Amino acid sequence: MGTQDGAGGHAYDVGEFFRWVQALAVRGDPRMEPLGDLAPAFESGIAALAGSVRRSIWHMTFRPTWSEVRMARPLADASRRTGIDGRYVTDRVTSARLPVLASHHHPYFRHHPVHAPLLVVDARRVYVGAPPGHELAGSVWTSTAPQVVGGAVRAFDAVWRAAVDPHPGDTAPFTRRMVEIAFHLTDGASDREIARAIGVSERTVSAEVAEVIRRLGARNRSHAIALIGDAGP
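Residues numbered from 1 in each chain as written. Predicted model: local features only at pLDDT ≥ 70, side-chain atom pairs only at ≥ 80, totals over all residues. Heavy atoms only, no water.

A. Just the pairing of strand β7 (residues 118-121), in detail. Side chains Leu118 and Val120 of β7 all project onto a buried face; the interleaved residues Leu119 and Val121 project onto the opposite face, where all are buried too. One ladder, built from four bridges, connects strand β4 (residues 56-60) with β7; its direction is antiparallel. Bridging across to β7, histidine 59 finds its partner in leucine 119. Relative to strand β8 (residues 125-129), β7 runs antiparallel, the two sharing four bridges. Pairing of leucine 119 across the sheet is with tyrosine 127, part of β8. A loop of three residues connects β7 with β8, the two strands running antiparallel in sequence, and aspartate 122 in this loop sits at a positive phi of about 55 degrees. (Buried < 20%, exposed > 50% of the residue type's maximum accessible area, 1.4 Å probe, protein only. Helix = DSSP H or I, 4+ residues; strand = E, 2+ residues; numbered from the N terminus. Pairing = 2+ DSSP bridges.)

B. Looking closely at the packing of aromatic side chains. One pass over the full model with this rule turns up six aromatic pairs. Ring centres of phenylalanine 17 and tryptophan 20 lie 6.3 Å apart, and the angle between their planes is 55 degrees; this geometry places the pair in the tilted category. With phenylalanine 17 and tryptophan 20 both in helix α1 (residues 14-26) and three residues apart, this pair spans about one turn of that helix. Across the pair, exposure class does not vary: phenylalanine 17 and tryptophan 20 are buried alike. With a centroid separation of 4.7 Å and an interplanar angle of 20 degrees, the aromatic rings of tryptophan 66 and phenylalanine 183 are classed as stacked. Placement of the pair is tryptophan 66 in helix α3 (residues 66-71) and phenylalanine 183 in helix α8 (residues 176-186), with a sequence separation of 117 residues. Per residue, the accessibility class of tryptophan 66 equals that of phenylalanine 183, and both read buried. (Phe/Tyr/Trp six-rings, centres within 6.5 Å; stacked < 30°, edge-to-face > 60°.)

C. Broad picture of the layout of surface pockets. Taken as a whole, the largest pocket holds about 570 Å³ of empty space. What lines the largest pocket is a set of 35 residues, and nearest its centre among them are Leu38, His59, Thr61, Glu68 and Pro117. (1 Å grid on protein atoms, 1.4 Å probe; cavity = no way out; pocket = protein on both sides within 12 Å on 5 of 7 lines; lining within 4 Å. Points joined across faces, edges and corners; volume = space filled by probe spheres on them.)

D. Spotlight on the side chain of histidine 111. Topologically, histidine 111 is positioned in strand β6 (residues 109-111). For histidine 111, a relative accessible area of 9% gives the class buried. Setting aside residues up to four positions removed in sequence, histidine 111 forms contacts with Thr90, Asp91, Arg92, Ser95, Ala163, Val164 and Pro166. (Contact = heavy atoms within 4.5 Å.)

E. The arrangement of the sheet that holds β4 in detail. Read across the sheet, seven strands follow the order β3-β9-β8-β7-β4-β5-β6 without closing on themselves; strand pairing throughout is mixed. Two strands in the sheet have a free side with no partner beyond their single neighbour: β3 (33-37) and β6. Strand-to-strand twist in this sheet, taken as the mean axis angle between neighbours without regard to direction, amounts to 15 degrees. Running at roughly 85 degrees to β8, α1 makes contact with β4, β7, β8 and β9 (139-143) of the sheet. Each of β4, β5 (85-90), β6, β7, β8 and β9 is contacted by helix α7 (residues 146-162), which is oriented at about 70 degrees to β5, the strand it contacts most. (Axes fitted to C-alpha atoms, helices over the stretch in contact; angles between N-to-C directions.)

F. Structural context of helix α10 (residues 202-216). Here α10 spans 21 Å end to end across 15 residues, near enough to the 21 Å set by a 1.5 Å rise per residue. Among all positions of α10, only Val205, Glu208, Val209, Glu211, Val212, Ile213 and Leu216 are buried. Where α10 is buried, its residues contact α8, α9 (191-198) and α11 (221-228). (Expected span 1.5 Å × (residues − 1).)

G. Just the nonpolar core, in detail. Within the largest apolar cluster, 29 residues are counted, with the highest numbers of intra-cluster contacts made by Phe18, Met60, Leu118 and Val128. Within the residue set of this core, elements represented by two or more residues are α1, β4, β7, β8 and α7. Per element, the largest residue contribution to this core is eight residues, and it comes from α7. Apart from residues no more than four positions distant in its own chain, methionine 60 is found in contact with Phe18, Val89, Val114, Ala116, Pro117, Leu118, Phe156 and Val159. One finds Trp66, Val209, Val212 and Leu216 within the second-largest nonpolar core, a separate group that totals 28 residues. (Core = buried A, V, L, I, M, F, W, Y, C linked by side-chain atoms within 4.5 Å.)

H. How the structure looks around unusual backbone geometry. A cis amide bond links histidine 106 with the next residue in sequence, proline 107, at an omega value of 10 degrees. One non-glycine residue with positive phi stands out, namely arginine 63, at about 50 degrees. Within the secondary structure layout, arginine 63 lies in the loop between β4 and α3. At aspartate 122, a residue that is not glycine, the phi angle is positive and equals roughly 55 degrees. Mapped onto the fold, aspartate 122 is located in the loop between β7 and β8. Residue classification places aspartate 122 among the buried residues on the basis of a relative accessible area of 1%.

Encoded structure:
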């Protein structure tokens, strides 16, 4: 399991890759372009980024919130387009906190410990951050430098090969429609508003909401919303 650094091709493990790129960012290396705080950086350009995907989108997240999952929905949509190699990795703790997440990214979802946030688009552009507690936490950098992109591709591929599919085959805990309804629920939408948004009857939505509540093991609608969103955005 290795990557390579920017100096001479010496092999490092995945953790070493992240330490290397974060060190580049700290010292202002021109190979790492700062984008600022994660949320505004992605909110301002995520639709354009998702629309630019042509071959692959590999996404590794470190303990995302439900708000961040909502923000990144265009990337999930792009990953499901025909011909796109979509991959999403996060750890088991995140899956337990966000029970709809695996279904949202099914069938390209895997479990593995994550060092730091990483997004690789078409094996040509990289977005990388740092985990909580790091001096760079909350910020994001991008790079198209071949050394950085090459290292990121190797790091992600190493993690993906070692990762575990929690729901092998064609099954997932929640259907695609249930996932869509879950997003609307956490936006505070009523059954009537959800029905209008997704183009089905209000009765169908009510039945689906009841099934979401059942599958979550929630006491009621409010409890289900709290469980979906990790007790709040």
